[in-house]
Number of protein chains: 2
Amino acid sequence: MSTELSTEEKIKEAAKRVFLAKGFDGCSSREIAKEAGMNVALVYYYFRSKSQLFQLVFQAAMEDFMTAMVEVFSADLSLDSKIRIFIEREFDFLSKHPEIPGFIINEITRKESCAVDKIDMMEMVASTGIFQQCLEAQRKGEMIKLDLVSLTMLILSNCHYPHMARPLLQEIHQLSDEKYNQHLMLHKQYVTEMIMGYLFPKK
Amino acid sequence: MSTELSTEEKIKEAAKRVFLAKGFDGCSSREIAKEAGMNVALVYYYFRSKSQLFQLVFQAAMEDFMTAMVEVFSADLSLDSKIRIFIEREFDFLSKHPEIPGFIINEITRKESCAVDKIDMMEMVASTGIFQQCLEAQRKGEMIKLDLVSLTMLILSNCHYPHMARPLLQEIHQLSDEKYNQHLMLHKQYVTEMIMGYLFPKK
DNA sequence: CTGATTTTTAAACAAGTGTTTAAAATGAGT
DNA sequence: ACTCATTTTAAACACTTGTTTAAAAATCAG
């Protein structure tokens, strides 16, 4: 347990926690300062505004998010292994950071000001060669014909939504946290089976 | 174009628009009053607080949301037709009200105070007999064995997420609104095909 | 130790928040 | 025309908001 963080870092960590939990609109600079155990003015001394601090946190979340995804694609594996492992890893990542997709989507929805490095993001994914691997598999007839947008939608839907909608589904089905976690683990299997079966049909 | 709404209704309609667009934390009573073309005090005259007005709007959104889902289940159709039509309707509903699932999930996440009528919600669905229809189809071996929670997750994931994640996916893939709409319509087909294929495998 | 620099503090700022109040406008029934 | 309840208004309330300021404290270089 190293409390050897600089003031600046402590504030940023606190901001991460608070912003992820409550969103930009749902918290105040004072709340972030308190969470960091610091004076409010320090927030403005190190980061010039609430928005600027937010941008930093947002970008960091986005990067964690993308990094977790790209890792698998860079490996030297067959396409179907990559997708299988991707789902596995995504479920793992999201059970540790379930708030991230909702946070990102919500904040982007509420203002375009979330200046995402658009080009960089697609560059990151594209540079792994995953797209070419897809196209090739499609040409060989191993994989169903499906544009890359739909492919993204399909996989992300089934990985993100079960974590994002946890509070809704727990409420609807009256499930405890543990019960829901069990369902998530089961669901990972189903999703993998379904997606693999759909993308790579055995003739 | 009937402007024949009572003051109370005008405020509620304005609140719906504003809350859905910006969330509870993202707007003020004055903003709602302004949107309705009314004095702020009227918001408090008709609804005793911002929270109370919000609860009303939230409940209404939840009801629209559930009603759209239950309708299909009540019809006199085979299970696979019901699911097929459900997906169709859900995509239609969400292309008209894309903010609803994100709104509901987000607000439930940020406070349990969203006193959802839990029992009512499941009652609504259960009373259509859809669950029995599922269990029967499973016993007959027509449908894959899958608990109802996973079934819900599976279908909602693929219907809700593409609409919720629109701003993220448009950003990532650099798509115009129209282009994205086209992708959505295509995606509906893919999702239907995939889910039907998975749930009702042809032996 | 000293003087300059960096870091931290408490206090203040104007603007915006949810909410209340008390008076004005409105309209129906006598 | 007068009464009384309902509806609408402008103004005020206490408090929180993002942000700044000016001084105090801590740090560090020579």
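All figures in this text were calculated on a predicted structure; none of them were measured in a lab. (Residues numbered from 1 in each chain as written. Chains lettered and ligands numbered in written order. Predicted model: local features only at pLDDT ≥ 70, side-chain atom pairs only at ≥ 80, totals over all residues. Heavy atoms only, no water.)

This part takes up the protein's contact with DNA strand C. Near DNA strand C there are 16 residues, and of these Y46 of chain A together with S29, R30, Y44 and K50 of chain B occur at the shortest range. Restricting attention to atoms of DNA strand C within 4 Å of the protein, one finds that 50% of them are sugar or phosphate atoms. T7 of chain A is positioned with one of its side-chain polar atoms (N or O) 3.0 Å from a phosphate oxygen of DNA strand C. Measuring from a phosphate oxygen of DNA strand C, one finds a side-chain N or O atom of Y45 of chain A at 3.2 Å. If you list the elements that add at least two residues to the surface near DNA strand C, you get helix 3 (40-46) of chain A together with helix 2 (29-36) and helix 3 (40-46) of chain B. Considered class by class, the residues forming the surface near DNA strand C number 8 nonpolar, 5 polar and 3 charged. (Near = heavy atom within 4 Å. Polar contact = N/O pair within 3.5 Å; in protein donor to acceptor, adjacent residues only side chain to side chain. Helix = DSSP H or I, 4+ residues; strand = E, 2+ residues; numbered from the N terminus. Nonpolar A, V, L, I, M, F, W, Y, C, P; charged D, E, K, R; others polar.)

A separate point is the side chain of K82 of chain B. Residues and elements named next belong to chain B. Its location among the elements puts K82 in helix 5 (residues 79-96). One buried charged residue, K82, forms no salt bridge at all, with the nearest opposite charge on D76 at 6.7 Å. Once residues lying within four places of it in the same chain are set aside, the contact partners of K82 are V72, F73, A75, L77, T128, I130 and Q133. (Buried < 20%, exposed > 50% of the residue type's maximum accessible area, 1.4 Å probe, protein only. Lys, Arg positive; Asp, Glu negative; His and termini not counted. Salt bridge = Lys/Arg side-chain N within 4 Å of Asp/Glu carboxyl O. Contact = heavy atoms within 4.5 Å.)

Across the boundary between the two partners, chain A contributes 52 residues, which contact 53 residues of chain B. Carbon and sulfur atoms make up 71% of the area that chain A and chain B hide from each other, which totals about 4800 Å². Three residues, M153, Y161 and M194 of chain A, lead the burial of chain A against chain B; their summed loss comes to 14% of the area buried on that side. The interface formed by chain A and chain B contains 0 salt bridges. Linking chain A with chain B are 12 residue pairs in polar contact (both at pLDDT 80 or more). (Buried area = accessible area lost by both parts, 1.4 Å probe.)

Moving on, we get to the environment of N106 of chain A. Mapped onto the elements of the fold, N106 of chain A is located in helix 6 (residues 99-110). Looking at N106 of chain A, the relative accessible area reads 11%, which means it is buried. Taking the C-alpha atoms as reference points, N106 of chain A and G23 of chain A, 83 residues apart in sequence, are found 8.3 Å from one another. Non-local contacts of N106 of chain A, meaning those with residues more than four positions away in its chain, are made with N106 and R110 of chain B.

Glancing now at the protein's contact with DNA strand D. Taken together, 16 residues lie around DNA strand D, and S29, R30, Y44 and K50 of chain A together with Y46 of chain B are the ones closest in. A share of 48% of the atoms of DNA strand D within 4 Å of the protein falls on sugar and phosphate groups. The contact in question runs from a base nitrogen of DNA strand D to an N or O atom on the side chain of R30 of chain B, over 3.3 Å. In the environment of DNA strand D, a base nitrogen lies 3.4 Å from a nitrogen or oxygen atom belonging to the side chain of N39 of chain B. Of all elements in the fold, only helix 2 (29-36) and helix 3 of chain A together with helix 3 of chain B reach the threshold of two or more residues within the surface near DNA strand D. Per-element accounting of the surface near DNA strand D gives the leading share, 4 residues, to helix 3 of chain B.

A separate point is the domain arrangement of chain A. Residue and element names in this part refer to chain A. Taken domain by domain, chain A comprises domain 1 (7-48) and domain 2 (54-199). In this structure, domain 1 and domain 2 have C-alpha centres spaced 29 Å apart. Of the roughly 840 Å² buried between domain 1 and domain 2 on both sides combined, carbon and sulfur atoms contribute 78%. Considering only the surface of domain 1 that becomes buried against domain 2, F19, L20 and F24 emerge as the three largest contributors, covering 60% of it. Viewed at the interface, domain 2 and domain 1 are joined by 0 salt bridges. (Domains from an automatic or database assignment.)

This part takes up the nonpolar core. Among the nonpolar cores identified, the biggest contains 138 residues, and F19 and L199 of chain A together with F19 and L199 of chain B are the most heavily contacted of them. Those residues in contact with L199 of chain A, other than ones at most four positions away along the chain, are I83, E142, M143, I144, L146, L151 and L154 of chain A. (Core = buried A, V, L, I, M, F, W, Y, C linked by side-chain atoms within 4.5 Å.)

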